[in-house]
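One letter stands for each residue in the lines below.
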Amino acid sequence: MKQKPDLSFWQLWNLSFGFFGVQIAYALQSGNVSRIFSTMGADPKSLGWFWILPPLMGMIVQPIVGVVSDRTWCRFGRRVPYLIAGALLAVIVMVLLPNAGSLSDVFWVAMALGAIILMFLDTSLNMAMQPFKMMVGDIVNEKQKGTAYAIQSLLCNSGQVVGFALPFLMTYIGFSADATHGVPFSLKMAFYVGAAILIACVIYTCVKVKEMPPKEYAEYHGITLEQEKEKVSFVKLLQRAPSNYWRVALVQFFCWAAFQYMWIHSTGAIADLCWNTDDTHSVAYQQAGDWTGIVFAVQAVVSVLWAMVLPALEKKAGLKGAYAISLLIGAVGFAMVPFVHDPYLLFVPYALTGCTWAAMLALPFTIVTNALEGMPHMGTYLGLFNCAICLPQIIAGLLNVVVVWLVGSQTNMLFVSSLCLLGGALSVKIIIDRKRAIQA
């Protein structure tokens, strides 16, 4: 098996630059879905049902993209065609989502249409996101994968900073934040701007990146084209998966459940803690919604900084130690939120959760792609691994009504997120290094 050549910094950068635009779209979705549906009239306890659709589509779409792209070899590349298709669809539904309440005067019809649009938004973003992770696995050698995923994490978090801050910025520059008749125009403009940036970034990556042709891919991966095109069921592939694939998935389960509750309930919690309101049509609630984007942006900025610290922390504490420490820091951050009543002091706990987010984006995929090195169907494996991200979000959404009833408020749901991250940190212990994982 030939060794893949080292890539320059800018080659690694170009490989993931489109991820910046995709994450702007994801940030707009995760930071504002609860706000949009609450403004449309949804009950806070029912918000979890809307949040089931995005990860559900991720579980369906990403494995399919993985399987089909593993077998795709055309003039446009292997993964790029799905990247382009996802981005184009995302632009359309990003324009539609904040306008869902205007599509019908009947409440339940508007809600249903909004849910369908949200489903298509996450479908398209999953189609656009997964190829970036696969291209790193396809093109980057093992020595540089940590750097490649660190760059991807940097671009991801930078995109999130922009996406989370866009609603606040649109209000700041003068677009109306009046929610009397539905979703404010400032929030709509944030989605429009995000859609434009998304398509521009994806076009840049498609122009700059050249994927390996089939013969070259086979030489560098020690895999014949027949092996890569072999039709194998998901069940058989999962039976062949290395042990670390499952061990990391357990840690991911706790982490993504924690962040799912953060996304669902942060706007309501911040409105309650710092603006003393639960009236979704009030100016105060919309201000809290804008501010939620700002604290999420702070979280993303700290994620960028922590991603730079992680390599040094790995050298000191080992990969597992860096992973566990990052999760524990986030657990402390979530536990602090319900005690904070000043908007600016919220920067502190959300900054701490940013350390966790950086680790969640970089370390699991480094471990998993290294464990999968030399195995056929890497795209399919990574698509299936996305279930470790989606399934906990679905379960958290399904349990949301019960958990909110048990803890009593949206504010207390941040305590639940803290407990989830604590469980994730404890689970890191079961991850084993690559040599032992291969032997297992």
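Cut-offs and rules
Numbers given for residues are sequential positions, taken from 1 along each chain in its written order. The predicted nature of this model means local features are confined to residues of pLDDT at least 70 and side-chain atom pairs, given and counted, to a pLDDT of 80 or more, with totals for whole chains, interfaces and linings taken over all residues. Side-chain numbers here rest on the full set of heavy atoms in the structure, without hydrogens or water. Segments assigned H or I by DSSP are reported as helices when at least four residues long, segments assigned E as strands when at least two residues long, and all are numbered from the N terminus. Each residue's exposure class comes from its accessible area (1.4 Å probe, protein chains only) as a fraction of the maximum for that residue type: buried when under 20%, exposed when over 50%, partly exposed otherwise. Accessible surface area values rest on a Shrake-Rupley calculation with a 1.4 Å probe, where residue burial reflects the displayed protein chains alone. The convention is simple: Lys and Arg are positive, Asp and Glu are negative, and His and the chain ends are not counted. Lysine's charge is taken at NZ, arginine's at CZ, aspartate's at CG and glutamate's at CD. Expected span of a helix, by definition, is 1.5 Å for each gap between consecutive residues, and there is one gap fewer than residues. Note on bend: at a given residue it equals the angle between the axes fitted to the 7 residues ending there and to the 7 starting there. A residue counts toward a patch only above 30% relative accessible area and without a salt bridge, and it is joined to like-charged neighbours within 9 Å or, for Val, Leu, Ile, Met, Phe, Trp and Tyr, to nonpolar neighbours within 5 Å. Whenever a carboxyl oxygen of Asp or Glu lies within 4 Å of a side-chain nitrogen of Lys or Arg, that contact is scored as a salt bridge.

A tally of helices and strands in the protein yields 17 helices and zero strands. For the protein, the spread of C-alpha atoms along the three principal axes comes to 65 × 45 × 40 Å. Evaluated residue by residue, the protein yields a buried proportion of 61% over its 440 residues. In the structure as shown, the protein presents an accessible area of about 17,000 Å², 69% of it carried by carbon and sulfur atoms. Averaging the positions of the 27 positive and the 22 negative side-chain charges in the protein gives two centres separated by 12 Å.

To continue, consider helix 1 (residues 9–39). Between its first and last C-alpha atoms helix 1 spans 44 Å; for 31 residues at 1.5 Å apiece the expected length is 45 Å, and the two agree. Bending of helix 1 peaks at approximately 50° at the position of Asn32. Burial within helix 1 is extensive, with 28 of its 31 residues counted as buried. Just downstream of helix 1, Gly41 is the residue with a positive phi angle, here 115°.

Another aspect to go through is a nonpolar patch on the surface. Side chains of Trp49, Leu398, Leu399, Val401, Val402, Trp405 and Leu406 sit close together on the surface and give an oily, nonpolar patch of about 740 Å² of accessible area. In terms of residue count, helix 15 (residues 387–407) provides more of the nonpolar patch than any other element does, six residues in total.

For the rest of this paragraph, the subject is the pattern of salt bridges. According to the stated counting rule, one finds one salt bridge in the structure shown. One salt bridge connects Arg35 with Asp290, and the closest N-O pair in it is separated by 2.9 Å. Taken together, the positions of Arg35 in helix 1 and Asp290 in helix 12 (residues 283–336) put the pair 255 residues apart, joining distant regions of the chain.

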